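Close look at the chain arrangement
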There are 2 protein chains.
Amino acid sequence: MGAVARAMKNMGLTQLVIVEPQREVLDSEARARAAGALDILRQATVTRSFDQAIADCGLVIGASARLRTIPWPTVDPHQCAQLVVQTAATQKIALVFGREDTGLTNEELEKCHWHVHIPANPEYSSLNLGAAVQVITYEIRMAELAQQGQTVQVTADHPLATAAELEGLFTHLETTLQQIGFYDPENPRQLFRRLRRLFNRAQLDKMEMNILRGILAAVDDKTSAS
Amino acid sequence: MGAVARAMKNMGLTQLVIVEPQREVLDSEARARAAGALDILRQATVTRSFDQAIADCGLVIGASARLRTIPWPTVDPHQCAQLVVQTAATQKIALVFGREDTGLTNEELEKCHWHVHIPANPEYSSLNLGAAVQVITYEIRMAELAQQGQTVQVTADHPLATAAELEGLFTHLETTLQQIGFYDPENPRQLFRRLRRLFNRAQLDKMEMNILRGILAAVDDKTSAS
C-alpha cells in the first residue's frame, strides 16, 4: 500500500480506496514505502466491499493479468489513459487493482466496464501491485499532460544559429583545414558533405557556433604565426 | 536492485550492469524483491566505473529528475522508447539510472546523448529507482510490441561511435585546445560541458569521429612543428 500511495502521488492522483484491508493501512512497512506520500495513505477511504468502493463511479476499469474464458473489452495502459482523460471531466472513475497475490476475482472483473492489461513478458508477467499501479498511473499522467498541451520540452538557453551563420562556419572551416593541410583538394566533397551533415544535424545554437569559430580562430593564429 | 531486476524481466529486458554497488548485489532484500527475476541479478555485470559500463554503447540515455543549468536534449519515456527501438537493431544502448538517493552526477549526465525525464507531479516528483525503471522499461516494451510486424531500417552508413571513442575525442580535444591556447584553465568547465553536449547530441558515427580526430591530429602536427 505504501508503494501504491507513492506511485499515485508521483503521478498526481490522490483518492485511494482500500477494500477490506488484511492488515493495518498505516503499519510501519507501508509508512516506510509511502515516503512522502503518507498523506495519501492517511486520507485513504476504507470500505467493506468492492461494490461499495465503485458505487458512485461512472467508469470502472479493472487491472487484469489473466486471459479469461469470456473475452472482456480490454485496453492496454495507454488506451486506458485515453479513456480516463476523456471521461474524467464528467464522470467519477475507478481504477481497480486486485490483491497482491491473486488479483481481482472473476466476479470483481465482471463488474468492470473495461479491463486494462499490461502486456508484460509472457515468460514472467507477474508485476507486483506497486509496479502495476506505477505503470497505469504514469500513463494517466502522460495523457493528462498531453491533453493540457504540455510535453517534456527542451528549452535551449541560446537561439539556434542561422543558416547564414552555418555557412560562415563552413567557409571558415574550409580555410582553416586548408591551412593546416587536412583538406585534400583531390577529394574534398565527401569530407565537407560529412561535416555539413554533422553540424546541420547537431542544430548548433549561437553559443556553440561562437565556440567553434573561436577554436578555428585560435588555430589560425597559431598556424599563421608559424 | 531486486525491484529493478523484476521490472526489467517483466518488460523483457535482461542485461543489468551495476556500477560500484554499495552493498552485496545478491543480499537477502534484493533476492526477496527480485522474486522470479533472480536470474537477472545473478547474471548482472558489476563494473568499477560509469565509463566502463557505457564504453561499448552507441546510444546512452540517462534518467534525470533535475532541471539543469545547461539544457540537455531531453525526451519523455515514450519518446525515449522510440529512440531505443529505432536504434536497437544496430547499436548497443545504455539506459542509465543513478543512485537511489542522489541520482546521476552532473559528470555522468554529461556523458549521455539524451536525458529521459519522467514528468511526475511537481509537488512530489521523486520516484524511487524501481519505479523509474518500471516506467522506462514499460514504454520500451510497448514500443517493441508496436514495432513488431514492421521493418524499421536505420539508414546510417556507419555504425555510431561508442562512448569510449567519444571520451577519446574529448580528451584529444582538450589537449589540442590547450596547445593552441583556446582552453582557459580558469574557466574550463562550461566550455567542455557545451562541447560535450554538442557532440553527444550529434550522435557521431565512426566516420565522423575519424574526421574530427583527423582534424585534431592535423592541428597538433602543425602547431607542434611551430
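Thresholds, definitions, all that
- Residues numbered from 1 in each chain as written.
- Chains lettered and ligands numbered in written order.
- Predicted model: local features only at pLDDT ≥ 70, side-chain atom pairs only at ≥ 80, totals over all residues.
- Heavy atoms only, no water.
- Helix = DSSP H or I, 4+ residues; strand = E, 2+ residues; numbered from the N terminus.
- Contact = heavy atoms within 4.5 Å.
- Areas by Shrake-Rupley, 256 points an atom, 1.4 Å probe, with all protein chains shown as cover.
- Lys, Arg positive; Asp, Glu negative; His and termini not counted.
- Charge placed at Lys NZ, Arg CZ, Asp CG, Glu CD.
- Pairing = 2+ DSSP bridges.
- Axes fitted to C-alpha atoms, helices over the stretch in contact; angles between N-to-C directions.
- Domains from an automatic or database assignment.
- Core = buried A, V, L, I, M, F, W, Y, C linked by side-chain atoms within 4.5 Å.
- Buried < 20%, exposed > 50% of the residue type's maximum accessible area, 1.4 Å probe, protein only.
- Polar contact = N/O pair within 3.5 Å; in protein donor to acceptor, adjacent residues only side chain to side chain.
- Parallel < 35°, antiparallel > 145°, perpendicular 65-115°, else oblique.
- Nonpolar A, V, L, I, M, F, W, Y, C, P; charged D, E, K, R; others polar.
- Salt bridge = Lys/Arg side-chain N within 4 Å of Asp/Glu carboxyl O.
- Phe/Tyr/Trp six-rings, centres within 6.5 Å; stacked < 30°, edge-to-face > 60°.

1. A few points about the overall build of chain A
- From N to C terminus, chain A includes 10 helices and six strands.
- Principal-axis analysis of the C-alpha atoms places the extent of chain A at approximately 85 × 40 × 35 Å.
- A separation of at least 24 residues holds for 80% of the contacts in chain A among residues at least 6 apart in sequence.
- Taken as a whole, chain A presents about 12200 Å² of accessible surface, with 51% of it coming from carbon and sulfur.
- Of the side chains in chain A, 22 bear a positive and 26 a negative charge, and the two mean positions are spaced by 1 Å.

2. As for the sheet that holds strand β6 (residues 114-116) of chain A
All names here are of chain A.
- The strand order β4-β6-β3-β5 describes an open sheet built from four strands, whose pairing is parallel. In this open sheet, the two strands that pair with only one neighbour each are β4 (74-75) and β5 (93-96).
- In terms of strand pairing, strand β3 (residues 59-63) meets β6 through three bridges, oriented parallel. Residue pairing in the sheet places I61 in a bridge with W114 of β6.
- The strands touched by helix α5 (residues 77-87) within the sheet are β3, β4, β5 and β6, with β3 carrying the most contacts at an inclination of about 160°.

3. Some details on the domain arrangement of chain A
- Domain boundaries assigned for chain A yield domain 1 (2-147) and domain 2 (163-225).
- Relative to domain 2 of chain A, the C-alpha centre of domain 1 of chain A lies at a distance of 56 Å.

4. Considerations on the nonpolar core
- Judged by nonpolar contacts, the single largest core of 44 residues is most densely connected at L195, F199 and L204 of chain A together with L195, F199 and L204 of chain B.
- In contact with L195 of chain B, other than residues within four places in its own chain, are I211, L212 and I215 of chain A together with F170, L173 and L177 of chain B.
- I61 of chain A together with V75, C80 and V85 of chain B belong to the second-largest nonpolar core, a separate cluster that totals 43 residues.

5. Quick notes on the sheet that holds strand β5 (residues 93-96) of chain B
Residue and element names in this part refer to chain B.
- The four strands lie next to each other as β4-β6-β3-β5, forming an open sheet whose pairing is parallel. Each having just a single partner strand, β4 (74-75) and β5 make up the two edges of the open sheet.
- Examined bridge by bridge, β4 and strand β6 (residues 114-116) share two bridges and lie parallel to one another. The residue of β6 that forms the bridge with V75 is V116.

6. Overview of helix α5 (residues 77-87) of chain B
- Among the residues making up α5 of chain B, those that are buried are P77, C80, A81, L83, V84, V85 and T87 of chain B.
- On its buried side, α5 of chain B packs onto α7 (129-147) of chain A together with β3 (59-63), β4, β5, β6 and α7 (129-147) of chain B.
- The N-cap of α5 of chain B, judged by a side-chain oxygen 2.9 Å from the amide nitrogen of H78 of chain B a few residues on, is D76 of chain B.

7. Quick notes on the packing of helix α1 (residues 2-10) of chain A against α7 of chain A
Residues and elements named next belong to chain A.
- At their nearest, the axes of α1 and α7 sit 9 Å apart, and the two run at 10° to each other. Accordingly, the angle class assigned to the pair α1 and α7 is roughly parallel. From α1, A3, V4, A7, M8 and N10 reach across to α7, where they touch L129, G130, V133, Q134, T137 and R141.
- Here the residues of the contact of α1 with α7 are counted per class, giving six nonpolar, four polar and one charged.

8. Remarks on the pairing of β3 of chain B
All names here are of chain B.
- With four of its five residues buried, β3 lies for the most part within the structure.
- As defined by bridge partners, β3 adjoins β5 across four bridges and the pair is classed as parallel. Looking across to β5, one finds that G62 is bridged to V96.

9. A short note on the interface of chain A and chain B
- The partner chain B presents 66 residues to the 63 residues of chain A that form the contact.
- The partner of R197 of chain A in a salt bridge is D205 of chain B, and the shortest N-O contact between them spans 3.0 Å.
- In terms of residue count, the dominant contributor to the side of chain A that touches chain B is helix α10 (residues 206-225) of chain A (10 residues).
- For the side of chain A that touches chain B, the residue count by class is 34 nonpolar, 16 polar and 13 charged.

10. What to know about the side chain of H113 of chain B
Residue and element names in this part refer to chain B.
- Within the fold, H113 resides in the loop between α6 (106-109) and β6.
- A polar contact is formed between the side chain of H113 and the backbone nitrogen of V60, at a distance of 2.9 Å.
- Those residues in contact with H113 that sit more than four places away from it in its chain are G58, L59, V60, W72, P73, L166, N200, R201 and Q203.

11. Remarks on the side chain of E108 of chain A
- Examined against the element boundaries, E108 of chain A turns out to sit in helix α6 (residues 106-109).
- Once you skip the residues sitting within four places of it in the chain, E108 of chain A turns out to touch F50 and R99 of chain A.

12. Observations regarding the environment of G62 of chain B
- Inspection of the secondary structure assignment puts G62 of chain B in strand β3.
- Taking the C-alpha atoms as reference points, G62 of chain B and L177 of chain B, separated by 115 residues in sequence, lie 28 Å from one another.

13. Observations concerning unusual backbone geometry
Residue and element names in this part refer to chain B.
- One non-glycine residue, A35, lies in the positive phi region at around 50°.
- Its location among the elements puts A35 in the loop between α2 (28-34) and α3 (38-42).
- Residue classification places A35 among the partly exposed positions, given a relative accessible area of 37%.
- Its identity is not glycine, yet Q203 carries a phi of approximately 45°, on the positive side.
- Structurally, Q203 is set in the loop between α9 (188-201) and α10 (206-225).

14. Notes on the packing of aromatic side chains
- Applying the stated rule across the entire model yields two aromatic pairs over all chains.
- Geometrically, the ring pair formed by Y138 of chain A and Y138 of chain B is edge-to-face, given 6.4 Å between the ring centres and 80° between the ring planes. Residue Y138 of chain A is located in helix α7, and its partner Y138 of chain B is located in helix α7; the two belong to separate chains. In this pair, the class of Y138 of chain A matches that of Y138 of chain B, namely buried.

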